[in-house]
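If you want the building blocks of each chain, they are given just below.
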Amino acid sequence: MRKLAIAILMSMPLVAGGVFAQQKTAKDNVYEELNLFDQAFERIRQDAVDPVTDAKLIGAAIAGMLSGLDPHSSFIDEAAFRASQTPANDDAVTLGLAVTIDSGQLKVISPEDGSPAAQAGIRPGDVIFTIDKEPVYDLTLSEAEQKLRGPAGGEVQLTLRRGAEKPIDLTLKREAYKLQTVVGRVEAGNIGYLRIAGFDGGTQAALAAAVQDLRQKTGSKLIGFILDLRNNSGGGFDAAVAVADAFIDKGDIVVVKGRKPASVKRVSATPGDLAKGLPLVALVNGGTAREAELVAGALQDNHRAVLLGSKTFGESSITSVIPLGDGGAIRLTTARFTTPSGREIQGKGLDPDLAVTSLKLARLAQGQVRREADLPGALKNPDQAAGKLPADAPPGATPTPAPNETPAVATEDIGSASDEQLIQAMDVLRGLSVFSRRAAG
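Rules of the game
- Residues numbered from 1 in each chain as written.
- Predicted model: local features only at pLDDT ≥ 70, side-chain atom pairs only at ≥ 80, totals over all residues.
- Heavy atoms only, no water.
- Core = buried A, V, L, I, M, F, W, Y, C linked by side-chain atoms within 4.5 Å.
- Buried < 20%, exposed > 50% of the residue type's maximum accessible area, 1.4 Å probe, protein only.
- Helix = DSSP H or I, 4+ residues; strand = E, 2+ residues; numbered from the N terminus.
- Contact = heavy atoms within 4.5 Å.
- Polar contact = N/O pair within 3.5 Å; in protein donor to acceptor, adjacent residues only side chain to side chain.
- Patch = residues over 30% accessible without salt bridge, like charges linked within 9 Å, V, L, I, M, F, W, Y side chains within 5 Å.
- Areas by Shrake-Rupley, 256 points an atom, 1.4 Å probe, with all protein chains shown as cover.
- Salt bridge = Lys/Arg side-chain N within 4 Å of Asp/Glu carboxyl O.
- Pairing = 2+ DSSP bridges.
- Axes fitted to C-alpha atoms, helices over the stretch in contact; angles between N-to-C directions.
- Right-handed = clockwise from strand over helix to strand, strands pointing away.
- Parallel < 35°, antiparallel > 145°, perpendicular 65-115°, else oblique.
- Left-handed = near helix turned anticlockwise from the far one by under 90°.
- Expected span 1.5 Å × (residues − 1).
- Arc of directions from axis to C-beta.

A. Layout of the nonpolar core. Within the largest apolar cluster, 42 residues are counted, with the highest numbers of intra-cluster contacts made by Leu194, Phe199, Phe225, Phe247, Val295 and Leu299. Only β11 (191–196), α6 (203–218), β12 (224–228), α7 (237–247), β13 (252–257), β15 (280–284), α8 (291–301) and β18 (329–338) provide two or more residues apiece to this core. If one sorts the elements of this core by residue count, α7 sits on top with seven residues. If near-sequence neighbours (up to four positions away) are discounted, Leu299 is found in contact with Leu227, Phe247, Ile248, Leu280, Ala282, Arg304 and Ala305. Leu95, Val156, Leu158 and Leu160 belong to the second-largest nonpolar core, a separate cluster that totals 20 residues.

This is the structure:
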């Protein structure tokens, strides 16, 4: 034993020396790369045909580093970052568009309900070519968002393309509006319809009030609820967790994963079900993104709702804005979330349990909608497991794979009399209600 202890003690300096050597080698490699950067920096300063400031060169270098990571990481210069810190009650407003960058093109994820963009008929998947007649192909995401923002009452000229159609010219007026994240109404006399358009600090209370109102209007004769998450581009992470928690009595809601294995965090549901056990059908489509996918994934994994519609957008990255010493900042993807069972959403989206595409949308040209997975440098998804039918699906139902590319319904058509997906959802909910009553004896 003594000899073994001596051998271990003698080997420790060797191991430590080996680790130190590896660290030194790694640092030397970094210094070599930085030396290469320094050479390029100096040559550009001295030989570029037009003079360029050091600040511009460094900013472009940082932007280049971030653009090579994923579509959502970007550099925010001092002026843009200062503008983003302006209080929300100032005169600047947006058009209500959630957008992303794909191969230098500005693409619409979805417009917010009641926004100037929704009123103008802009749809998920539309490609914006110009803003105020200026091309947007070389803009970062933060720069494009800043161009869409401006004083209330000001006009914005957009040129966009929808699928294979000819370019469309639109003139929109920026108007202050308040996104009503929850709207409830009674369908067919005994079905509670809840349109959830986004997530903010008041969504949880608004949802509870809407459910209570529906119960009073129907004399507590509701057979179930339809949660409409279509064209919901997300919002506050904690608010989305609260919405999922409202319908899930126990189990996990979401799993947050950072870079390090030790940073994995599971968020669990608290006791209580706002629907009191009544069946749920959640409507989703290609405009269902980010935190809306968190809610849909939690309901699906916990067998609490049947997802009906088409494949969701596929974005579960969590982005942090990190201020820099010079007054600017970087927008960096620092984590992602998965469904409670560990299914990756990023780059894949969620397949509905029952795929339903309206005849109107089915006639549109395929390939109109681009998802997170289509973006260059998009974070990869290792989970390729096939979707499964929830345990509470109606008798005889079978899993139906969603189409790879399904145009998203226009915001103005959501919840209308011609909304074919909503009509299908009501039929499914009736079947779930009958099945639940039979199972209860």
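Here the narrative resumes.
B. Here's a closer look at the side chain of Gln421. Here Gln421 shows up in helix α10 (residues 420–439). Engagement of the side chain of Gln421 in a polar contact is seen with the side chain of Arg230, the distance being 2.9 Å. In terms of polar contacts, Gln421 uses its side chain to reach the backbone carbonyl oxygen of Val356, at 2.7 Å. Residues contacting Gln421, with those up to four places away along its chain left out, are Arg230, Leu283, Leu308, Gly309, Val356 and Thr357.

C. Summary view of a nonpolar patch on the surface. Side chains of Val30, Tyr31 and Leu34 sit close together on the surface and give an oily, nonpolar patch of about 320 Å² of accessible area. With respect to the helices, strands and loops of the structure, Leu34 is situated in helix α1 (residues 2–47). Assessed through its relative accessible area of 49%, Leu34 is described here as partly exposed.

D. Examining the sheet that holds β12 more closely. The six strands are arranged β10-β11-β12-β15-β16-β19 in an open sheet whose pairing can be described as mixed. Only two strands of the sheet have a single partner each, and these edge strands are β10 (182–187) and β19 (354–355). Where β11 lies against β12, five bridges are found, and the strand directions are parallel. Counterpart to Ile191 in the pairing with β12 is Gly224. Each of β10, β11, β12, β15, β16 (306–309) and β19 touches α10; the most contacted strand, β15, lies at about 160° to it.

E. Focus on the pattern of salt bridges. Scanning the model with the defined rule gives 21 salt bridges in all. Between Arg45 and Asp54 there is a salt bridge, with the nearest N and O atoms lying 3.0 Å from each other. You can call Arg45 partly exposed: its relative accessible area is 38%. Here Asp54 falls in the partly exposed class, since its relative accessible area comes to 32%. The salt bridge partner of Asp126 is Arg162, with a shortest N-O separation of 2.9 Å. Within this pair, whereas Asp126 is found in the loop between α4 (116–119) and β5 (127–131), its partner Arg162 is found in the loop between β8 (155–161) and β9 (168–173), the two being separated by 36 residues in sequence. With a relative accessible area of 0%, Asp126 lands in the buried category. On the accessibility criterion, Arg162 (14% relative accessible area) is buried. Connected through salt bridges with shared partners, the residues Asp113, Arg195, Asp228, Arg230 and Asp419 form a single ionic network.

F. Region of the structure containing the side chain of Arg195. Within the fold, Arg195 resides in strand β11. At 2.4 Å, the side chain of Arg195 forms a polar contact with the backbone oxygen of Arg230. Residue contacts for Arg195: discarding those within four places in its chain leaves Asp113, Thr181, Val182, Val183, Asp228, Leu229, Arg230, Asn231 and Ile414.

G. Spatial organisation of the pairing of β16. The alternating pattern of β16 places Val306 and Leu308 on one face and Leu307 and Gly309 on the opposite face, and all of these are buried. As paired strands, β15 and β16 are joined by four bridges and run parallel to one another. Each bridged residue has a counterpart across the sheet, and for Leu283 the counterpart in β16 is Leu308. The parallel pair β15 and β16, bridged by α8, forms a crossover whose chirality is right-handed. Looking at chain direction, β16 and β19 are connected through two bridges and run parallel. By the bridge assignment, Leu308 is partnered in β19 with Leu354.

H. Examining the pairing of β10 more closely. Pairing of β10 with β11, which is carried by six bridges, proceeds in the antiparallel orientation. Bridge assignment links Glu187 to a residue of β11, and that residue is Ile191. The turn linking β10 back onto β11 is made up of three residues, and Ala188 within it adopts a positive phi angle of 55°.

I. Spotlight on the packing of α7 against α8. Two elements in contact, α7 and α8, have axes whose closest approach is 9 Å; the angle formed by their N-to-C orientations is 25°. One finds that α7 runs roughly parallel with respect to α8. For the crossing formed where α7 meets α8, the hand is right-handed. Touching Phe237, Ala240, Val241, Val243, Ala244 and Phe247 of α7 are Glu291, Leu294, Val295, Ala298 and Leu299, all from α8.

J. Focus on the environment of Ala242. In this fold, Ala242 is placed in helix α7. C-alpha separation for the pair Ala242 and Thr203, spaced 39 residues apart in sequence, amounts to 8.5 Å.

K. Layout of α6. The end-to-end C-alpha distance of α6 is 23 Å, a good match for the 22 Å that 16 residues give at a rise of 1.5 Å each. Within α6, the full set of buried residues consists of Thr203, Leu207, Ala210, Val211, Leu214, Arg215 and Thr218. One face of α6 carries all of its buried residues, which in axial projection span an arc of 135°. Counted as exposed and oriented over 90 degrees from the buried face of α6: Ala205 and Gln216.

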